[in-house]
Amino acid sequence: MIFCRRTPVLLLILALLATGCSPTAQPVSRTTTRLLMGTLVSITTWSLPTNASAWEEQERQGVDAAFREVARIEGVMSSHRADSPLSRLNQAPRGIAHPLLPELADLLRRGLEVTNASGGAFDMGLDPLILLWGFSREPPPQTVPDPQRITAWLEHHAPGGLTLSGTVEQPLLRLANASHGLDLGAIAKGYALDRAVAVLQEQGIHNAIVNAGGNLRTIGAKGDRPWRLGIRHPRQAEGVMAVVEVDRPLTMVTSGDYERFFIHQDQRYHHIFDPRTGYPARSGLISVTVQAEDGTLADALSTALFVLGAEQGLALLRRFPGSEALLMLEDRSLRRSAGFIGQPVAEP
Ligand code: AMP
Ligand code: MG
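Cut-offs applied
- Residues numbered from 1 in each chain as written.
- Chains lettered and ligands numbered in written order.
- Predicted model: local features only at pLDDT ≥ 70, side-chain atom pairs only at ≥ 80, totals over all residues.
- Heavy atoms only, no water.
- Donors = N, O, S within 2.8 Å, 3.2 Å for Na, K, Ca; no water.
- Helix = DSSP H or I, 4+ residues; strand = E, 2+ residues; numbered from the N terminus.
- Axes fitted to C-alpha atoms, helices over the stretch in contact; angles between N-to-C directions.
- Parallel < 35°, antiparallel > 145°, perpendicular 65-115°, else oblique.
- Contact = heavy atoms within 4.5 Å.
- Nonpolar A, V, L, I, M, F, W, Y, C, P; charged D, E, K, R; others polar.
- Core = buried A, V, L, I, M, F, W, Y, C linked by side-chain atoms within 4.5 Å.
- Buried < 20%, exposed > 50% of the residue type's maximum accessible area, 1.4 Å probe, protein only.
- Near = heavy atom within 4 Å.
- Polar contact = N/O pair within 3.5 Å; in protein donor to acceptor, adjacent residues only side chain to side chain.
- Areas by Shrake-Rupley, 256 points an atom, 1.4 Å probe, with all protein chains shown as cover.
- Pairing = 2+ DSSP bridges.

### Concerning the coordination of the magnesium ion (ligand 2)
So, point 1. The protein atoms that coordinate the magnesium ion (ligand 2) are A186 (O), D299 (O), D299 (OD) and T303 (OG1), at distances of 2.1 to 2.5 Å.
So, point 2. Of note, the magnesium ion (ligand 2) draws all its donor residues from one chain, in the sequence arrangement A-x112-D-x3-T. With A186 in the loop between β6 (171-175) and α6 (188-202) and T303 in helix α7 (residues 295-308), this residue pair connects regions lying 117 residues apart in the sequence.

### Notes on the packing of helix α1 (residues 53-77) against helix α3 (residues 102-117)
So, point 1. With their axes 11 Å apart at the nearest point, α1 and α3 run at an angle of 85 degrees to one another. Accordingly, the angle class assigned to the pair α1 and α3 is roughly perpendicular. Each of R72, I73, V76 and M77 in α1 lies in contact with α3, whose residues at this interface are E103, L104 and L107.
So, point 2. The class makeup of the residues in the contact of α1 with α3 is 5 nonpolar, no polar and 2 charged.

### Notes on the nonpolar core
General note: in soluble globular proteins, nonpolar side chains tend to be found buried as a group.
So, point 1. Counting 68 residues, the largest nonpolar core has M77, L184, L200, L301 and L305 as the members making the most contacts within it.
So, point 2. The element contributing the most residues to this core is α7, with 9 residues.
So, point 3. Excluding residues within four positions of it along the chain, L305 makes contact with L285, V288, V290, G313, L316, L317, A325 and L327.
So, point 4. Membership of the second largest hydrophobic core comes to 17 residues, among which are W46, M241, L326 and I341.

### A look at the site of ligand 1
So, point 1. If you check the shell around ligand 1, you find 18 residues, and the closest are A121, D183, S255, F273 and T303.
So, point 2. In the model, an oxygen atom of ligand 1 is placed 2.9 Å from a nitrogen or oxygen of the D299 side chain.
So, point 3. Burial of ligand 1 by the protein chains amounts to 97% of its free accessible area of 500 Å².
So, point 4. The leading source of residues in the shell around ligand 1 is α7, at 3 residues.
So, point 5. Class assignment of the residues belonging to the shell around ligand 1 gives a composition of 10 nonpolar, 4 polar and 4 charged.

### Structural notes on the environment of V210
So, point 1. Tracing the chain through its elements places V210 in strand β7 (residues 208-212).
So, point 2. Sequence separation between V210 and L326 is 116 residues; the distance between their C-alpha atoms is 21 Å.
So, point 3. With near-sequence residues (within four places) excluded, V210 lies in contact with S42, I43, L193, A196, V197, L200, N215, L216 and R217.

### A short note on the sheet that holds strand β4 (residues 97-99)
So, point 1. Here 3 strands make up an open sheet; going across it, the order is β4-β6-β5 and the pairing antiparallel. This sheet does not close on itself; its edge strands, each paired only once, are β4 and β5 (162-166). Ignoring strand direction, the axes of neighbouring strands in this sheet form an average angle of 35 degrees.
So, point 2. Here β4 runs beside β6; their pairing, made up of 3 bridges, is antiparallel. Its bridge partner lying in β6, A97 is registered against R174.
So, point 3. The sheet contacts of α3 involve β5 and β6, and relative to β5 the element is tilted by about 130 degrees.

So this is what it looks like as structure tokens:
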């Protein structure tokens with residue numbers, strides 16, 4: 001999986017992070033940041049000012065536990081680590097069903113729902129293509145691979161190349177051939193958000209934001225104030241394209257062509273591929289932000305929409321009730337689904 005090793009901040013937490021206590025006992029925020037899954041993961045908690053150091057200790061332990069969970073997920077799902085359970089599946093012979101962790105199978109099952117609904121635009125079997133392009137290397141590539149190699153990959157990469165079978169306790173995975181290998185870069189960060197939030201809640205922390213490279217999930221509330229979040233402008237390094245103010249928990253994930261890319265002969269080549277061509281998706285979109293019930297779905301959908309483009313993407317969204325999207329097109333115009341929470345920011 002490509003986890004960007006630079007630190008893209010796709011969504012900026014705006015004006016939320018002031019610390020300190022006021023006479024009216026506003027919540028105090030604490031933010032801890034770690035480098036995980038190739039990006040900056042930060043957890044911000046809110047609680048009323050207290051002198052009870054026992055609570056602060058409990059909060060610290062809860063946040064630590066959530067970070068440990070994200071690190072565990074990275075250890076299972078990274079394709080960069082040769083000994084991860086995911087890499088071992090990628091190294092195993094093709095055409096045979098191999099046992100895999102129930103957790104991995106669950107995540108693949110959820111991802112396959114989006115694969116099927118998107119007609120294969122969302123594809124968790126792109127590891128060989130990503131290796132061919134070199135997007136998992138540091139520094140990122142600067143040139144296009146030999147087109148014949150892409151054609152050779154495409155010839156063997158048919159939809160349905162990734163099949164789950166077996167039981168819930170002992171699931172099995174079959175990868176059809178060498179053109180299929182697991183890469184969960186488009187879904188694992190969203191899953192990590194969900195798991196980090198679940199751990200925080202188990203630890204008694206109920207007001208927080210988990211932010212993984214700009215993909216975020218909020219829980220609880222920020223006292224009597226709404227959450228105020230910004231979505232990064234895909235063409236302005238420090239710019240914000242929309243502001244989201246909301247007074248309830250929210251999950252929001254962004255896919256964009258600016259996270260990892262190179263320019264070759266005036267053409268932008270980025271890290272989100274169209275499995276039908278073997279080339280970076282050119283659907284007319286440059287940024288897709290999805291709000292959905294949970295991070296796993298939001299992450300899968302944001303990538304699928306990016307590949308499908310505005311019309312087909314918005315149609316896909318309607319198959320997942322409760323999910324909403326804001327799209328920026330190449331001409332910088334915006335499209336949004338009816339229930340997307342947030343307001344575009346006027347061009348400076
Ligand atoms: P995201 O930023 O969530 O859109 O995920 C992009 C990452 O997912 C890439 O860096 C690849 O690791 C992987 N990926 C690229 N194209 C696809 C695709 N069409 N379907 C699923 N995963 C993809
Ligand atoms: Mg994604």
